[in-house]
Amino acid sequence: MANCPKCGRHLRLIDWKQTCPHCGANVFLYNLQERLMLDADKAEVQHYYHQKKVDRVKASFIGSPLAVVRIFTSLLPVAALFAPLLHTDFAAPYEALPDTLNALKLYDLFSAADPLAFFTDAWNAGLGGKAFVFLMLWLALSLVFLLLHFALLFLSCSPHGKTRNLTLDIFQLLTAAFYTVLSLRMQQASFAAVRSGWGTALYLGLSCLNLLFDALVLRQGIEVKHKQCYVGGIPIEEYFEMQKNGVPQEEIRAEMYRRLTALQQEKEKELQAMEEERLKKAKGKTEKGAADRG
């Protein structure tokens, strides 16, 4: 159970009445306005911390022209996967498989055949088959790092965003380079003859471009513009400073009421000016219509 808002005594389960059994205060109505204001203060402070995160996410994507370009360069290597990556000549019982592999052909391959059985046969087919398994593994790891990097772009302006982005970029480029080198060194084997396609070179080049633009963004930096937040009409930085300096809650509350009243009066003046402008325009139209009829 809660405590009495006046005397602070703990209320038991049997204290179901609206009044406190210790001091007689109305538990629900005692100092209700101040309690509601305190809840509002807490909500506005929580909103401030949430708004900071939103501002950082926004800046990560559109905080600068280079950040906008980075969105596209982070996904460009995926487009290269639809180009011819490998030219293959599989041995039995997989001789009917496509002789050119890309993302779509790999999807068709694994949809038509059991991937586990396919890679098991490749692994058991000697050194060439094992090399093919590692080739697919490096390609898959590179794609995982690429997609993970894109998914975490929204955290670029977080405290560890720079380190995280560069680490993922480097791992993605290294795995793409290992895949490229292995595809160039593949030889005729009992499982499959494999030659590298132009899509592999394109994938490696776009991976380098991804790292380059990410490094340029991090070098230039992104200015995070935080939206101004208020607590009871007081700018939140000033509110925190008042609390830090030990300003009594009564003085803080009085200042809040003063500023909220001023804001309300300013808003009423703006509404009144807008209404006067509207009436003036309506009067002008009426006079013009009367003159045209006359």
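Residues numbered from 1 in each chain as written. Predicted model: local features only at pLDDT ≥ 70, side-chain atom pairs only at ≥ 80, totals over all residues. Heavy atoms only, no water.

Chemist: What exactly am I supposed to notice about the overall build of the protein here?
Modeler: Within the protein, the regular secondary structure consists of nine helices and five strands. For the protein, the N- to C-terminal ordering of α and β elements is α-α-β-β-α-α-α-α-β-α-β-β-α-α. For the protein, the proportion of its 294 residues judged to be buried stands at 32%. Long-range pairs, those at least 24 residues apart, make up 63% of the contacts in the protein between residues at least 6 apart in sequence. Carbon together with sulfur atoms contributes 63% to the accessible area of the protein, which is approximately 18500 Å² in total. (Helix = DSSP H or I, 4+ residues; strand = E, 2+ residues; numbered from the N terminus. Buried < 20%, exposed > 50% of the residue type's maximum accessible area, 1.4 Å probe, protein only. Contact = heavy atoms within 4.5 Å. Areas by Shrake-Rupley, 256 points an atom, 1.4 Å probe, with all protein chains shown as cover.)

Chemist: How should the nonpolar core be read in this particular structure?
Modeler: Generally speaking, soluble globular proteins have nonpolar side chains that are buried together. The biggest cluster of nonpolar side chains holds 21 residues, and the ones touching the most others in it are L86, L101, F132, L135, M136, L139 and V194. Secondary structure elements with two or more residues in this core: strand 1 (86-90), helix 3 (103-112), helix 5 (127-151), helix 6 (161-185), strand 3 (192-196) and helix 7 (198-220). Broken down by element, the residue count for this core peaks at five residues, all from helix 5. Here L101 is in contact with A83, P84, L85, L86, T88, F90, L106, L109 and F132, once residues within four sequence places are set aside. (Core = buried A, V, L, I, M, F, W, Y, C linked by side-chain atoms within 4.5 Å.)

Chemist: I tried to follow a nonpolar patch on the surface on my own but got confused; where do I start?
Modeler: There is a patch of nonpolar side chains on the surface, built from L166, I170, F171, L174 and F178 and spanning about 430 Å² of accessible area. If you trace the backbone, I170 turns up in helix 6. (Patch = residues over 30% accessible without salt bridge, like charges linked within 9 Å, V, L, I, M, F, W, Y side chains within 5 Å. Salt bridge = Lys/Arg side-chain N within 4 Å of Asp/Glu carboxyl O.)

Chemist: Is there a simple way to explain the packing of helix 1 (residues 32-62) against helix 8 (residues 236-244) in this structure?
Modeler: Helix packing geometry: the angle between the two helix axes and the distance between the axes. For the pair helix 1 and helix 8, interaxial distance at closest approach is 11 Å and the crossing angle is 120°. For the element pair helix 1 / helix 8, the angle class is oblique. With respect to the hand of their crossing, helix 1 and helix 8 are arranged in left-handed fashion. Contact residues: D41, E44, V45, Y48 and Y49 in helix 1; I236, Y239 and F240 in helix 8. In terms of residue class, the contact of helix 1 with helix 8 is built from six nonpolar, no polar and two charged. (Axes fitted to C-alpha atoms, helices over the stretch in contact; angles between N-to-C directions. Parallel < 35°, antiparallel > 145°, perpendicular 65-115°, else oblique. Left-handed = near helix turned anticlockwise from the far one by under 90°. Nonpolar A, V, L, I, M, F, W, Y, C, P; charged D, E, K, R; others polar.)

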